[in-house]
Amino acid sequence: MAIEIEHKFLLANNNWREHITHSVKYRQGYLSSQATSSIRVRISNDCAWLNIKSATIGTHRHEYEYEIPLEDANEIINDLCKKPVIEKIRHFVIDDGNTWEIDEFTGDNKGLIVAEIELSEVGKNFSKPSWIGDEVTYDLRYYNNNLANYPYSEWPEN
């Protein structure tokens, strides 16, 4: 069984930008979001995946991912997925031996930037760089499947 263990954070400042090792564009759509799971299709460069995640809120949840043909993925996102589609640039930053994935959203979620760190085990200690802000791991609004239903551009405080 595949388990994803991650923490999500807002950013305290832009100092992380000077440490980006590389960046990747993602486009993803959701076929289903239920109380128990979400099913999405994701495209990056010339690769595509079908992803199934448990809807558990918190630091760890079940995750399964399977590569699918790019042509199929484009058709599924364009014709079958709910809108808006999630568009983002994922920046990779290494700090203290840890890889941070910083998602800078575009499209309907433009202006939102969230940092994630994936861990090898639940409860593993990690250092937080000075550019890490408040933890939002337990805030449903910051989960991609929720951003597809309620984009950042529609949040009242924006």
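Residues numbered from 1 in each chain as written. Predicted model: local features only at pLDDT ≥ 70, side-chain atom pairs only at ≥ 80, totals over all residues. Heavy atoms only, no water.

Caption draft 1: Up close: the overall build of the protein chain. Across its full length, the protein chain holds two helices and nine strands. The C-alpha radius of gyration computed for the protein chain amounts to 15 Å, which stays within 12% of the reference 15 Å derived for 158 residues, consistent with globular compactness. Overall, the protein chain is about 40 × 35 × 30 Å in size when its C-alpha atoms are taken along their principal axes. The buried share of the protein chain, reckoned over its 158 residues, is 42%. Of the roughly 8,300 Å² of accessible surface on the protein chain, 47% is carried by carbon and sulfur atoms. In the protein chain, which carries 16 positive and 26 negative side-chain charges, the distance between the mean positions of the two groups comes to 2 Å. (Helix = DSSP H or I, 4+ residues; strand = E, 2+ residues; numbered from the N terminus. Rg over C-alpha atoms; globule rule 2.2 N^0.38 Å. Buried < 20%, exposed > 50% of the residue type's maximum accessible area, 1.4 Å probe, protein only. Areas by Shrake-Rupley, 256 points an atom, 1.4 Å probe, with all protein chains shown as cover. Lys, Arg positive; Asp, Glu negative; His and termini not counted. Charge placed at Lys NZ, Arg CZ, Asp CG, Glu CD.)

Caption draft 2: Fine view of the environment of R61. Within the fold, R61 resides in strand β5 (residues 60-68). With a relative accessible area of 10%, R61 lands in the buried category. Sequence separation of R61 and I3 is 58 residues, and the distance between their C-alpha atoms is 5.5 Å. Ignoring anything within four residues of it in the chain, the contact list for R61 reads A2, I3, E4, E6, K53, S54, T56 and Y143. (Contact = heavy atoms within 4.5 Å.)

Caption draft 3: Spatial organisation of the pattern of salt bridges. Applying the stated criterion across every chain, the model contains 13 salt bridges. K8 is the partner of E6 in a salt bridge, and the nearest nitrogen-oxygen pair spans 3.8 Å. Given the relative accessible area of 5%, E6 is considered buried. For K8, a relative accessible area of 3% puts it in the buried group. Here R90 ties to D103 by a salt bridge, and the two come within 2.7 Å at their closest N and O atoms. Here D103 lies in strand β7 (residues 98-105) and R90 lies in strand β6 (residues 86-95), a separation of 13 residues in the sequence. Note on accessibility: R90 and D103 belong to one class, buried. Salt bridges sharing partners connect three or more residues here, namely E4, E6, K8, K53, R61, E63, K88, R90, E101, D103 and E116. (Salt bridge = Lys/Arg side-chain N within 4 Å of Asp/Glu carboxyl O.)

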